[in-house]
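Descriptive structure summary
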Amino acid sequence: MKRILSLITLFALCVALLSCAAFAEDFVPSIGGKDHPSIVPESSTVIGHIVNSDNAVIDEVEKPCIVVTPVSEANTSKDIPEAAREELLKVYAALKNGEMDLPYEEALALSKSAPRTENSANSAEHMVIRDLFDVSFLCEEHPEMMANGYKLRLTFDLGISSGDTVCCMVYTDGKWSPVEMFNNGNGTVTCLFSKVCPVVFASKQTETPPDTGDYSSDSIALWGAVMAVSAVAFGVAIVIYRKKVAKAD
Amino acid sequence: MKTSHRNSILFVALILLLAALFVFSGVKILESVLPGREIVATDPQRVKTIIREGKEYFPRQDLTTIMLLGTDGTGELTASNSYNNKASADLVALMIFDESAKEFRVLNLNRDTMMDIPVLGINGKQAGTVYAQLAVSHNYGSGLGDSCENTRKAVSDFLYGLPIDYYFAMNVDGIGILNDGVGGVEVTVEEDFSQVAPELKQGQTMVLTGEQAYAFLRSRMNVGSQLNTSRMARHKQYLEAFVGAFRNALTEDASFFTTLWGELSSRAVTDCNPMVMNQLSTQYKDYTFMGCISPEGENRLGQEFYEFYPDEEALDALILELFYQEKN
């Protein structure tokens, strides 16, 4: 009897544990924000391709051979090469302070499926940087291939629509260079990189959030100052006016 | 003489201008600090009439809306070291105060609601949109006021351009502070929490401690259907009970919220100053609570994550019911 009970208990425990495992396996985690656009892999092991000028595949780039580092992980990532880390942080600081000029017009010219306005001289207006991250190789053979004129082809998920104006640029040799990009119309874009380094995606600036309810101590201070100055000026004006009237009398 | 007369007129005009400037500055200051401001439509596109079945509806002007955000970060709130941050909006709700009927209700939006989310770029400027779950709207920006503003815009656009008067965002650490601040909140545990928080016994009615409230509100894995919709049902139950507990605490101590804010402030961000918060809580404390509502819709599993698609007709009817009135 004892053995039967033990077996039943053991069986029940196994069922409970399996249920837990199955239950937990059914669990779908909550979505969270992404620090950088995710790369859409070519397969379960291949993240991108090395291609020639005809876009023919020369080599596959496996997932461990590429590291993408967002700004938020620039200081903590152990995978990003040190030189790339410094470059990413330097570029981020400069972009935040508006200290860099970017070739939006040239980048838009290389961006296929981007809607072009009739007046193409204005198409680069109001472009803002939406994403900044570093792409670095971890395998030696790929940089050598790219030095021979081949390009790295990667597809990123930006969540954009086919009509969105988006372009891509990379920072190499001390300047920003445009990247050939194709908007796939399904939220993703495919880019052809001659070099890997800090990468930006830029798009048209749309409206900024309305200031419907901001409590800003700065604005209160400003209006307070205006109030004080106008009160003083009002008082002085009244005094002068009264003196003038008295003099006229 | 003529010149003298003209100079006098100019002088008087200058005095009147200075007086007008003085009064205008005072009005601007009062607008910034007092609650219950008029909802002024600065953009005609954003606040407009709606026509349905031949009837014209216009936005109600006697509502005050406060957006409540519960984010999934912990610790003291500080700006992230990047132009994005890791705190998603797990709870997004609107408290809608009806100043005519002296009542309020809470509109609870599913964090997985699919909508166009503004994308904030490196300099905080909006760089297009992304079609994604509402929760990620808070991930853009530094994690402070700019991220809350981004969520406010996403929600406002989703609700036909509804102006949202204030926001109040809090991370998960605030759950315990609020819960214990009101002396605990009584709920009936309807789901099986045995694998997550065994002290929450299914079927039992109990007053939650801060830690228990955290488990009750946040847990999804190994609880119930593991879906956000069942977690939202717990949010609804908790919110409805919390309102009563909050009122009781406010009745016992009029400055209760100011004291609570002192503990909460490092875990929260808001565009209300403490004076406004106190005035709001005093002004609305006797309003009748009409309960929580959520838009109807369908939860679908996307490629990786759940996606909530509201029923468009039902959402339209709900927006009209809550925020519009028929033109007579």
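Residues numbered from 1 in each chain as written. Chains lettered and ligands numbered in written order. Predicted model: local features only at pLDDT ≥ 70, side-chain atom pairs only at ≥ 80, totals over all residues. Heavy atoms only, no water.

Within chain A, the regular secondary structure consists of 5 helices and 11 strands. Sorting the 249 residues of chain A into buried and exposed places 38% on the buried side. Taking as baseline every contact in chain A between residues at least 6 positions apart, the subset at least 24 positions apart corresponds to 68%. When the accessible surface of chain A is totalled, it reaches about 13700 Å², and 57% of it is carbon and sulfur. (Helix = DSSP H or I, 4+ residues; strand = E, 2+ residues; numbered from the N terminus. Buried < 20%, exposed > 50% of the residue type's maximum accessible area, 1.4 Å probe, protein only. Contact = heavy atoms within 4.5 Å. Areas by Shrake-Rupley, 256 points an atom, 1.4 Å probe, with all protein chains shown as cover.)

All names here are of chain B. The complete set of buried residues in helix α7 (residues 274-284) reads V276, M277, L280, S281 and Y284. The buried residues of α7 all sit within an arc of 130° when viewed along its axis, so they share a single face. Structurally, the start of α7 carries an N-cap: the backbone nitrogen of M275 is 2.9 Å from a side-chain oxygen of N273. (Arc of directions from axis to C-beta. Polar contact = N/O pair within 3.5 Å; in protein donor to acceptor, adjacent residues only side chain to side chain.)

All names here are of chain A. Relative to strand β9 (residues 175-183), strand β5 (residues 111-112) runs parallel, the two being bridged by 2 bridges. Bridging across to β9, S111 finds its partner in M181. Two elements, strand β8 (residues 166-172) and β9, share 5 bridges in a ladder whose sense is antiparallel. Note that in β9 the partner of V170 across the bridge is S177. Taking the residues between adjacent antiparallel strands as the criterion, β8 and β9 are bridged by 2 residues, where D173 takes a positive phi near 50°. (Pairing = 2+ DSSP bridges.)

Right, let's get into the confidence of the model for chain B. Residues and elements named next belong to chain B. Looking at chain B, pLDDT values average 88 and 94% of them are 70 or higher. Looking at the elements of chain B, mean pLDDT is at its lowest for helix α1 (residues 2-33), recorded as 76, and at its highest for helix α2 (residues 145-158), recorded as 97. For residues 35-46, every residue scores under 50 in pLDDT, and the model assigns this stretch 25 contacts once sequence neighbours within four places are set aside. (pLDDT = per-residue confidence, 0-100.)

Moving on to unusual backbone geometry. Here the phi dihedral of H126(A) falls at roughly 60°; this positive angle occurs in a residue that is not glycine. Topologically, H126(A) is positioned in the loop between β5 and β6 (127-137). Of the residues examined, H126(A) reaches a relative accessible area of 55% and is grouped as exposed. One non-glycine residue, K102(B), adopts positive backbone phi at about 55°.

So, about the packing of aromatic side chains. Residue and element names in this part refer to chain B. Considering all chains together, one arrives at 15 aromatic pairs over all chains under this definition. Taking 6.2 Å as the distance between ring centres and 65° as the angle between the ring planes, the aromatic pair formed by F97 and Y287 counts as edge-to-face. Of this pair, F97 sits in strand β4 (residues 89-98) while Y287 sits in the loop between α7 and β12 (288-293), and the two are 190 residues apart along the sequence. Taken individually, F97 and Y287 each receive the classification buried, so the pair is uniform in this respect. For the pair F168 and W261, a centre-to-centre distance of 5.8 Å together with 55° between the ring planes defines the contact as tilted. Highlighted residues: F168 in strand β8 (residues 166-171) and W261 in helix α6 (residues 256-264), separated in sequence by 93 residues. Of the two residues examined, F168 and W261, each falls in the buried class. Through a chain of ring-to-ring contacts, the aromatic side chains of F97, F104, Y284, Y287 and F289 assemble into a single cluster. Here the basic side chain of R300 rests over the ring of Y309, its NZ or CZ set 4.1 Å away from the ring centre. (Phe/Tyr/Trp six-rings, centres within 6.5 Å; stacked < 30°, edge-to-face > 60°. Lys NZ or Arg CZ within 6 Å of the ring centre and 35° of its normal.)

In this assembly, 62 residues from chain B lie in contact with 55 residues from chain A. Between chain B and chain A lies a buried interface of about 5100 Å² when both sides are counted; carbon and sulfur atoms form 61% of it. Put simply, chain B and chain A have 1 salt bridge between them. Of the charged contacts in the structure, one is a salt bridge between D35(A) and K86(B), with a shortest N-O distance of 2.6 Å. Where chain B meets chain A, there are 13 residue pairs in polar contact (both at pLDDT 80 or more). Contributions of two or more residues to the side of chain B that touches chain A are made by α1, β6 (114-120), β7 (126-133) and α2 of chain B. Broken down by element, the residue count for the side of chain B that touches chain A peaks at 16 residues, all from α1(B). (Buried area = accessible area lost by both parts, 1.4 Å probe. Salt bridge = Lys/Arg side-chain N within 4 Å of Asp/Glu carboxyl O.)

Among covalent bonds in proteins, the disulfide is the one between the sulfur atoms of two cysteines. Residues and elements named next belong to chain A. A complete count under the given rule lists 1 disulfide over all chains for this structure. Each disulfide pairs two cysteine sulfurs, and for C65 the partner residue is C139, the sulfurs being separated by 1.9 Å. Residues C65 and C139 share a disulfide whose torsion about the S-S bond is about -80°; that sign makes it left-handed. A residue pair is termed long-range when its members are at least 10 positions apart, and C65 in the loop between β3 (57-62) and β4 (66-70) and C139 in the loop between β6 and α4 (141-147) qualify at 74 residues. Among the residues examined, C139 registers a relative accessible area of 18% and is labelled buried. C191 takes part in no disulfide bond, and the closest cysteine sulfur to it belongs to C168, at a distance of 3.9 Å. Judged by its relative accessible area of 0%, C191 is buried. (Disulfide = S-S within 2.5 Å.)

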